[in-house]
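# Structural characterization, general
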Amino acid sequence: MSVAPVLASGSTAPLPRHVAIIMDGNGRWAKKRLLPRAAGHKAGVEAVRRVTRHARAIGIEALTIYAFSSENWRRPAEEVGDLMGLLRLFIRSDLAELIRENVRLKILGDYRKFPSDVVALIDDAVARCKANTGPVLAIALNYGAQAELVRAARRLAEHKAPEEIDAAAIEAELETRDLPPLDLLIRTSGEHRLSNFLLWQAAYAELLFVDTLWPDFGPADLDAAVAAFGNRQRRFGGL
């Protein structure tokens with residue numbers, strides 16, 4: 001682990017290379033304020049901007065955010081439509097900043113099931129960030145870890161004998177194969193489950209569950225998470 005610059009909290013805790021976030025609590029944030037759920041999702045996008053910018057500022061190499069799970073299709077059509085609209089808006093408004101900041105954009109999941117104009121926007125954004133060499137922003141869209149593992153197993157079955165399949169072979173087929181190992185996984189809003197997110201990758205990650213609703217999560221919260229990570233002893237099964 002590398003050493004972080006001094007954080008806003010004053011901590012100089014070791015810095016995780018790869019952080020993933022389950023961004024939970026937009027709906028409850030809105031409900032507490034007697035607002036429609038769409039307002040919570042809009043506030044959640046602002047939190048994405050704050051946190052991704054701060055992650056870059058403190059030197060995190062890769063940040064993976066769970067934006068739309070494969071189970072989110074079960075939500076009301078109006079809410080899914082609102083989420084697609086926010087995704088369009090985010091790409092159109094923030095792509096120039098990602099390019100300027102040398103961010104490598106990566107998409108996890110089967111986003112090609114989204115509306116065709118959203119797919120086109122995503123493809124264009126990824127292509128325009130392809131030459132960048134800086135930190136990675138990975139966005140999980142229509143992503144489910146179990147489906148990812150099924151796809152990996154099917155690909156391996158096509159060109160590997162059973163005795164050739166080991167952990168390294170499986171990792172080479174995962175969508176995160178070109179990212180650093182996952183160090184820290186954060187879930188907001190007080191829930192204590194992984195919800196089908198990065199199940200393989202989280203095997204030895206540090207897990208942190210915080211009560212803060214996602215729209216209220218900001219740089220100080222990320223600093224606190226990094227500081228907590230730095231205070232943990234990672235043995236990876238050893239002593």
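Before reading on, note that the structure itself is shown above.
Given the structure is predicted, the values throughout are model-derived calculations rather than measurements.

### Let's talk about the nonpolar core
One finds F114, I122, L141 and I186 to be the most contacted residues of the largest nonpolar core, which totals 47 residues. For this core, the element with the most residues is helix α3 (residues 77-100), which contributes nine residues. Contacts of I186, omitting those with residues within four sequence positions, involve V19, A20, I21, I22, L208, V210, F217, L222 and A225. Among the nonpolar cores identified, the runner-up in size contains 13 residues, and L108, F197, L198 and A202 belong to it.

### Let's talk about the side chain of E148
Along the chain, E148 turns up in helix α5 (residues 145-159). No salt bridge is formed by the buried E148. Its closest oppositely charged neighbour is R151, at 6.1 Å. Within polar-contact distance, the side chain of E148 engages the backbone nitrogen of E175 at 2.9 Å. Apart from the residues within four sequence positions on either side, E148 is in contact with Y143, L174, E175, T176 and Q201.

### What to know about the sheet that holds strand β5 (residues 104-108)
A sheet is described by the order of its strands in space; here six strands give the open sequence β5-β6-β4-β3-β7-β8, paired in parallel fashion. Two strands lie at the open edges of the sheet, namely β5 and β8 (206-209), each paired on one side alone. Taken over all neighbouring pairs, the strand axes of this sheet differ in orientation by 20 degrees on average, direction set aside. Taken together, the seven bridges between strand β4 (residues 62-69) and strand β6 (residues 136-143) define a ladder with parallel strand orientation. By the bridge assignment for β6, L63 is matched with L137. Seen against the sheet, helix α2 (residues 37-58) touches β3 (18-22), β4 and β6 and runs at an angle of roughly 160 degrees to β4.

### Overview of the pairing of β5
β5 sits mainly inside the fold: four of its five residues count as buried. In this sheet, β6 lies alongside β5 in parallel orientation, the contact comprising five bridges. Looking at β6, one finds that K106 is bridged to A138. Handedness of the β-α-β unit built from β5, helix α4 (residues 116-128) and β6 comes out left-handed.

### Here's the deal with the packing of α2 against helix α7 (residues 219-230)
Put simply, α2 and α7 touch, their axes get as near as 9 Å, and they point 50 degrees apart. As far as their axial angle goes, α7 and α2 are oblique. Considering how the two elements wind past one another, α2 and α7 form a crossing that is right-handed. Between α2 and α7, the residues in contact are R50, V51, H54, A55 and I58 and P219, L222, D223 and V226, respectively. Grouping the amino acids of the contact of α2 with α7 by side-chain chemistry returns six nonpolar, one polar and two charged.

Rules used in this analysis
Residues numbered from 1 in each chain as written. Predicted model: local features only at pLDDT ≥ 70, side-chain atom pairs only at ≥ 80, totals over all residues. Heavy atoms only, no water. Core = buried A, V, L, I, M, F, W, Y, C linked by side-chain atoms within 4.5 Å. Buried < 20%, exposed > 50% of the residue type's maximum accessible area, 1.4 Å probe, protein only. Helix = DSSP H or I, 4+ residues; strand = E, 2+ residues; numbered from the N terminus. Contact = heavy atoms within 4.5 Å. Lys, Arg positive; Asp, Glu negative; His and termini not counted. Salt bridge = Lys/Arg side-chain N within 4 Å of Asp/Glu carboxyl O. Polar contact = N/O pair within 3.5 Å; in protein donor to acceptor, adjacent residues only side chain to side chain. Pairing = 2+ DSSP bridges. Axes fitted to C-alpha atoms, helices over the stretch in contact; angles between N-to-C directions. Right-handed = clockwise from strand over helix to strand, strands pointing away. Parallel < 35°, antiparallel > 145°, perpendicular 65-115°, else oblique. Left-handed = near helix turned anticlockwise from the far one by under 90°. Nonpolar A, V, L, I, M, F, W, Y, C, P; charged D, E, K, R; others polar.

Function cannot be read off these values alone, since they describe shape.
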